[in-house]
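# Examination of the molecular architecture
Each chain is listed here by its residues.
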Amino acid sequence: MASTVPLLAVSLLVASAMSGGGGRALAQPLVPAVISFGDSTIDVGNNNYLPRAVFKADYPPYGQSYARHQATGRFSDGKIVTDITAETLGFESYAPPYLSPQASGKNLLIGANFASAASSYHDDTAAMYDAITLTQQLKYFKEYQSKLAAVAGRAKARSILSDALYVVSTGTGDFLQNYYHNASLSSRYNVDQYSDLLVGIFSNFANELYKLGARRIGVTSMPPLGCFPASIRLYGEGRDGCVARLNRHAETFNVKLNATVKALKEKHADLKIAILDIYTPLRKLAEAPAEQGFADARGTCCRTGTAKTRVYLCNPTTAGTCRNASSYVFFDGVHPSEAANAFMAESMVEAGIELVT
């Protein structure tokens, strides 16, 4: 189990903020807002509002462990990592999906979520699945800034945007949904070159966020691509273990992401930026689930489909799930269960503690 000392430190900071350093209760999280960009790992329902989107989680059994057992558009049985991270930071509610009616008025004060399932660094990947491209997510963010200023006033809005935590979590689809079955793309770029392309897009995106006022940015590492049940099924050649080749590709990307984050720190002296490591904890869970109290890291709690995109998601036409989702690392073919998300959120908070202190 990962050390809980940094997580305890965050909890103590939250407790201090909530009491104002004394006995008086102040509902004051460590940051004023959480603003999220990315893919299905942190989509909280934007794709519900995209009629043509290929990837959606607005049907059972998604959400079976969530409040009122509601399928909100989160790709899990319950909470996702950003939900749990927001709670750790002291929030009592979550930033709404930007395309929803809830993203209005005072709800905007705690942030917004622009993530869209099947989005990725490369806009072409998102376009293939009618998701919100990263470029469009940035345009929505600029729109959000104007709406926030209208609600809070310009000075307060600038303060919120400057102190907010920005989370970027994407990239898996660039490999699983594009590179691995796009002969044109894989013939033009080897994995090293393709990773350079993707981290270059992230660097430009982070620089744009900085220009727009962001000063605290957390970006997730590429997960262990070869350990997803769908990856093992599609690329494992009949073997049961993680696909080593795909994990090496993720590691190649992560080395380049590390270098890019370091360069961004050097370029912007007042920017706090950190990699939120999900590769290490998810690989631990996938390779040694019993050590962390999980029973199954190869199967999926829900029954997935057999063709095309359905191999990744719960099959809406097939009833039934596992008895206990918390014993499974993966809820569907690529998305962790709430219990696994909680384990990864702890690692994310530890990695990103410098962003909120």
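Nothing here was measured: the structure is a model prediction, and the numbers come from that model.

Tallied over the entire structure, the rule returns three disulfides. Each sulfur in the disulfide pair Cys-227 and Cys-242 lies 2.1 Å from the other. A torsion of 115° about the S-S bond marks the disulfide between Cys-227 and Cys-242 as right-handed. A residue pair is termed long-range when its members are at least 10 positions apart, and Cys-227 in the loop between β4 (216-220) and α9 (229-235) and Cys-242 in the loop between α9 and α10 (244-267) qualify at 15 residues. By relative accessible area, Cys-227 is classed as buried at 1%. Here Cys-301 is linked by a disulfide to Cys-322, with a sulfur-sulfur distance of 2.0 Å. The sign of the -85° torsion about the S-S bond sets the Cys-301-Cys-322 disulfide as left-handed. With Cys-301 in the loop between α11 (279-287) and α12 (338-351) and Cys-322 in the loop between α11 and α12, the pair connects residues that are 21 residues apart, well separated along the chain. Owing to a relative accessible area of 4%, Cys-301 belongs among the buried residues under this scheme. Given a relative accessible area of 12%, Cys-322 falls into the buried group. Each bonded cysteine of the protein chain is numbered by sequence order, and under that numbering the disulfide pairs are 1-2, 3-6, 4-5.

What follows is about the pairing of β4. Of all five residues in β4, five are buried; the element is thus mostly enclosed. Here strand β3 (residues 165-169) pairs with β4 via three bridges, running parallel. Across the sheet, the residue bridging to Val-168 is Val-219, located in β4. Relative to strand β5 (residues 272-276), β4 runs parallel, the two being bridged by five bridges. Considered in β5, the bridge of Ile-217 is made with Ile-273.

Packed helices, taken two at a time, are described by their axes: the angle between them and the distance between them. Relative orientation of the contacting elements helix α4 (residues 134-152) and helix α5 (residues 154-163) amounts to 130°, with a least axis distance of 7 Å. Considered as vectors, α4 and α5 are oriented oblique to each other. In this structure, the crossing between α4 and α5 has a hand that is right-handed. Residues Phe-141, Tyr-144, Gln-145, Leu-148, Ala-149 and Ala-152 of α4 touch α5, and the partners they reach there are Arg-154, Lys-156, Ala-157, Ile-160 and Leu-161. Looking at the contact of α4 with α5 residue by residue, the classes come out as eight nonpolar, one polar and two charged.

In this model helix α8 (residues 191-211) runs 30 Å from its N-terminal to its C-terminal C-alpha over 21 residues, within 8% of the 30 Å that 1.5 Å per residue would give. Among the residues of α8, those classed as buried are Val-191, Tyr-194, Ser-195, Leu-198, Val-199, Phe-202, Ser-203, Phe-205, Ala-206, Asn-207, Leu-209 and Tyr-210. Its side-chain oxygen at 3.1 Å from the backbone nitrogen of Asp-192, Asn-190 defines the N-terminal cap of α8.

The next subject is the environment of Phe-294. Along the polypeptide, Phe-294 turns up in the loop between α11 and α12. On the accessibility criterion, Phe-294 (9% relative accessible area) is buried. Sequence separation between Phe-294 and Ala-340 is 46 residues, and the spatial gap between their C-alpha atoms is 8.7 Å. Filtering out sequence-adjacent residues up to four positions away, Phe-294 remains in contact with Leu-285, Pro-289, Ser-326, Ser-327, Tyr-328, Val-329, Ser-337, Ala-339 and Ala-340.

By the definition in use, this model includes twelve salt bridges. Between Arg-283 and Glu-251 there is a salt bridge whose closest N-O contact spans 3.0 Å. With Arg-283 in helix α11 and Glu-251 in helix α10, this pair connects stretches of sequence that are 32 residues apart. Relative accessible area serves as the criterion here: at 32%, Glu-251 is assigned to the partly exposed category.

Rules used in this analysis
Residues numbered from 1 in each chain as written. Predicted model: local features only at pLDDT ≥ 70, side-chain atom pairs only at ≥ 80, totals over all residues. Heavy atoms only, no water. Disulfide = S-S within 2.5 Å. Helix = DSSP H or I, 4+ residues; strand = E, 2+ residues; numbered from the N terminus. Buried < 20%, exposed > 50% of the residue type's maximum accessible area, 1.4 Å probe, protein only. Pairing = 2+ DSSP bridges. Axes fitted to C-alpha atoms, helices over the stretch in contact; angles between N-to-C directions. Parallel < 35°, antiparallel > 145°, perpendicular 65-115°, else oblique. Left-handed = near helix turned anticlockwise from the far one by under 90°. Contact = heavy atoms within 4.5 Å. Nonpolar A, V, L, I, M, F, W, Y, C, P; charged D, E, K, R; others polar. Expected span 1.5 Å × (residues − 1). Polar contact = N/O pair within 3.5 Å; in protein donor to acceptor, adjacent residues only side chain to side chain. Salt bridge = Lys/Arg side-chain N within 4 Å of Asp/Glu carboxyl O.

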